[in-house]
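Chains, contacts and geometry: an overview
Residue-level listing of the chains:
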Amino acid sequence: MLHTSDWHLGRALHRVSMLDAQAAFITRLVATVRERAVDAVVVSGDVYDRAVPPLAAVELFDDALHRLAALGVPTVMISGNHDSARRLGVGAGLIGRAGIHLRTDPGACGEPVVLADAHGDVAFYGLPYLEPALVKGEFGVERAGHEAVLAAAMDRVRADLATRPAGTRSVVLAHAFVTGGEASDSERDITVGGVASVPSAVFDGVDYVALGHLHGSQVISERVRYSGSPLAYSFSEAAHRKTMWLVELGAAGELVTAERVDCPVPRPLARIRGDLADLLADPGLARHEDAWVEATLTDPVRPDDPMARISERFPHTLSLVFDPARAPEEPGVSYAQRLRDRTDQQIAEDFVTHVRGAGPDAREQAVLRDAFDAVRADDVLREVAG
């Protein structure tokens, strides 16, 4: 099977459209399916970049569906936290007749797509992104949390698998932040109750877990893997090698091979840092002159016309960051720099400390967490309703 995720169709990189690059990825995916005799394709969420995608992104998705269906190779897809599950799932029953199986309903996570090969059946269970505040009633959990709802969903998976003939192999598609995974700047925060990640043990009892959400290809364990996004969507991903997993399961569900298949690179990404004069003169940076560049200027005084000057050497510069070389305690340090790498919860707690001279106690921290969780859930409901 070919495991991929996080297409984010319709996304831009610093206002540069990625649609052509996304189309090139779809072409590579289809070619890989054909040339490597793939038996099934799995897409683990975030097909689109937002709940209401632009028309061009919808057209590209439609093209991908037609090309995959034309190959006669079954495809299983789930919705991610960027997708509108209800929109993505429209027509799922009809599309399923063409071999494209959309799994967007949390209540159906225990109902697999059953495919077969020479060794017997393989049950593919699709766990769409489970927003805890919205699905805790469906799964009967008292307090909304990622681990609780995923554990309840996996209980349904294991219960169904137990009714299947002996030797049935199993694959789970899930969109979540699993402990041990490395995040990047381009993923939307899914923290609930102060916790974003879930332990990989939640997925015990199945042969392979095809994860989506984190944009770097990574191995949590031999059987639990992230494919990562097919393209870099932030400069924090500049060092990523963008790939899909080509995975072979044996007759007993053992992992025979797991190979990384490279995705097309439209243009490399580079992060450069230093005084403007040094960046313009350094011969060692010549390799980045055709790359998309994020330049961080450390000049103590902001140079004149910096973007135009840096673009003379690096014409594809997309981001210019100012980080003057000065001590952190100096009053000139910007507000944005002071907030860098701090969560909404931490910023709110800092504000409480600043206003009254003492930080929030445990009860007040819980109130803040609940407030942020409620806002996040309301945002999801607004996206779905819109």
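Owing to the predicted nature of the structure, the values given are computational and were not obtained by experimental measurement. (Residues numbered from 1 in each chain as written. Predicted model: local features only at pLDDT ≥ 70, side-chain atom pairs only at ≥ 80, totals over all residues. Heavy atoms only, no water.)

Describing the nonpolar core
Leu-127, Phe-139, Leu-150, Met-154, Val-172, Phe-203 and Leu-211 are the most contacted members of the largest nonpolar core, which has 32 residues in total. Contributing elements (two or more residues each) for this core: strand S8 (120-127), helix H5 (132-139), helix H6 (146-162), strand S9 (169-175), strand S10 (177-178), strand S12 (208-212) and strand S14 (224-226). With seven residues, H6 is the largest single contributor of residues to this core. Val-172 has contacts with Tyr-125, Leu-127, Met-154, Val-157, Phe-203, Val-206, Tyr-208, Val-209 and Ala-210, leaving out every residue within four places of it along the chain. In terms of nonpolar packing, the next biggest core, distinct from the first, is built from 28 residues, Leu-2, Leu-9, Val-41 and Val-261 among them. (Core = buried A, V, L, I, M, F, W, Y, C linked by side-chain atoms within 4.5 Å. Buried < 20%, exposed > 50% of the residue type's maximum accessible area, 1.4 Å probe, protein only. Helix = DSSP H or I, 4+ residues; strand = E, 2+ residues; numbered from the N terminus. Contact = heavy atoms within 4.5 Å.)

Quick look at the pattern of salt bridges
Using the criterion set out here, one finds 15 salt bridges in the structure. Here Arg-36 and Glu-259 are joined by a salt bridge, their closest N and O atoms 2.7 Å apart. With Arg-36 in the loop between helix H1 (19-35) and strand S4 (41-44) and Glu-259 in strand S16 (residues 255-262), the pair connects residues that are 223 residues apart, well separated along the chain. Arg-36 gets classed as partly exposed once you look at its relative accessible area, which sits at 40%. Looking at Glu-259, the relative accessible area reads 34%, which means it is partly exposed. Between Asp-117 and Arg-169 there is a salt bridge whose closest N-O contact spans 2.6 Å. Separated by 52 residues along the polypeptide, Asp-117 in strand S7 (residues 113-117) and Arg-169 in strand S9 bring together distant segments of the chain. For Arg-169, a relative accessible area of 1% corresponds to the buried category. Within this structure, Asp-185, Arg-271 and Glu-294 form a network of salt bridges that share partners. (Salt bridge = Lys/Arg side-chain N within 4 Å of Asp/Glu carboxyl O.)

As for the pairing of S16
As paired strands, strand S15 (residues 243-249) and S16 are joined by seven bridges and run antiparallel to one another. Opposite Met-244, over in S16, you have Val-261 as the bridge partner. Linking S15 to S16, which pair antiparallel, is a turn of five residues; within it Gly-253 sits at a positive phi near 90°. (Pairing = 2+ DSSP bridges.)

As for the side chain of Lys-242
Structurally, Lys-242 is set in the loop between S14 and S15. When its relative accessible area of 9% is taken as the criterion, Lys-242 is described as buried. Lys-242 has contacts with His-215, Ser-229, Pro-230, Leu-231, Ala-232, Glu-237, Val-261, Asp-262 and Cys-263, leaving out every residue within four places of it along the chain.

Quick look at the side chain of His-8
With respect to the secondary-structure elements, His-8 resides in the loop between strand S1 (2-4) and strand S2 (12-13). Its relative accessible area of 0% is what places His-8 among the buried residues. At a separation of 3.0 Å, a polar atom in the side chain of His-8 contacts the side chain of His-215. Excluding residues within four positions of it along the chain, His-8 makes contact with Gln-22, Asp-46, Val-47, Tyr-48, Asp-49, His-82, His-215 and Tyr-233. (Polar contact = N/O pair within 3.5 Å; in protein donor to acceptor, adjacent residues only side chain to side chain.)

Interpretation in functional terms is not warranted from these geometric data alone.
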